[in-house]
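For reference, the chains in residue letters:
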Amino acid sequence: MYTLSDSIKSILFVLTSHKDIGPGYEDSGFYLPELTHPLHVLEKANLTIEFASIKGGIPPVYGVDLADPINAHYWNDQSFQEKLKGCAKLSDVDSNNYSAVMYVGGHGTMWDFPNSPAVLAITRKMYEQGQIIAAVCHGPSALVNVTLSDGSYLVAGKKVAAFTDSEESAVSMVDAVPFLLESALKERGALVQSADDWASNVVVDGSLITGQNPQSAAGVGEAIRDALIS
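Residues numbered from 1 in each chain as written. Predicted model: local features only at pLDDT ≥ 70, side-chain atom pairs only at ≥ 80, totals over all residues. Heavy atoms only, no water.

Enquirer: Explain the sheet that holds strand β5 (residues 88-89) here, please?
Expert: Taking strand neighbours across the sheet as the criterion, the seven strands line up as β5-β3-β1-β6-β7-β11-β10 in an open arrangement whose pairing is mixed. Strand pairing shows two members of the sheet lacking a second neighbour, β5 and β10 (202-205), which therefore form its edges. With four bridges joining them, strand β6 (residues 98-103) and strand β7 (residues 132-136) adopt parallel strand pairing. Along β7, the bridge assignment pairs Tyr103 with Ala135. Sheet strands in contact with helix α1 (residues 32-44) are β1 (10-15), β3 (49-53), β6 and β7, and its direction is about 175° off that of β1. This element, helix α3 (residues 78-85), spans β1 and β3 of the sheet and lies at about 40° to β3. (Pairing = 2+ DSSP bridges. Helix = DSSP H or I, 4+ residues; strand = E, 2+ residues; numbered from the N terminus. Contact = heavy atoms within 4.5 Å. Axes fitted to C-alpha atoms, helices over the stretch in contact; angles between N-to-C directions.)

As structure tokens, this is what we get:
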């Protein structure tokens, strides 16, 4: 049982609104386990979660594997479905209402996270105020173009994890994505900490929490929980 401080606010989960990733590829969006697994961890800790998507409204989804009991639990829950349908538009969100933001992964993020004005503004503001910035798998695409007030890239000199170029090759998506996430983060000066393909890998650098792949999603949730409650 977790007892929460009155100072802890909600956690904002941000989801992509991008579905069409090009001819020859199935529609994308956010990857369901990268939402449900950290959500499960945080809700068990009595933390409150709210959803937003880039465009607002229901976000596209893939990875709906109902053999995964955590996926099935949420997917079959009417209140969860209503929360998805009611996603706030990210640009309408007041970041002061949250203790943390979590950028959920999925290939769709690679198209609309990196250059979203709302992503850039909210991430900078929350990071500079000491709030938690978290992301998993392709979710760190949200961090690629974020600059701080001094003009430096947020990820420069920071230890991070993200979906690796090797993993992108393994899923035959190198020619589909607009850029390779691991390489782009390194170009921004990030100290990318990569593990073997599909190994759980969560990296914490101050208030920045990142995970490499779907296998890291629950671990990112645990790191957010521990940062807020410890």
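We are not done yet, so read on.
Enquirer: When you look at the packing of aromatic side chains in this model, what are you seeing that I'm missing?
Expert: By convention here, two paired aromatic rings are described through the distance between centres and the angle between planes. Per the stated rule, a full pass over the model turns up six aromatic pairs. Pairing Phe51 with Phe80 gives two aromatic rings, centres 6.0 Å apart and planes at 80°, and the pair type is edge-to-face. Here Phe51 is found in strand β3, whereas its partner Phe80 is found in helix α3, with 29 residues between them in sequence. Note on accessibility: Phe51 and Phe80 belong to one class, buried. Taking 5.4 Å as the distance between ring centres and 50° as the angle between the ring planes, the aromatic pair formed by Tyr74 and Phe80 counts as tilted. Just as Tyr74 is buried, Phe80 falls in that class too. (Phe/Tyr/Trp six-rings, centres within 6.5 Å; stacked < 30°, edge-to-face > 60°. Buried < 20%, exposed > 50% of the residue type's maximum accessible area, 1.4 Å probe, protein only.)

Remember that the coordinates give geometry; whether it matters functionally is a separate question.
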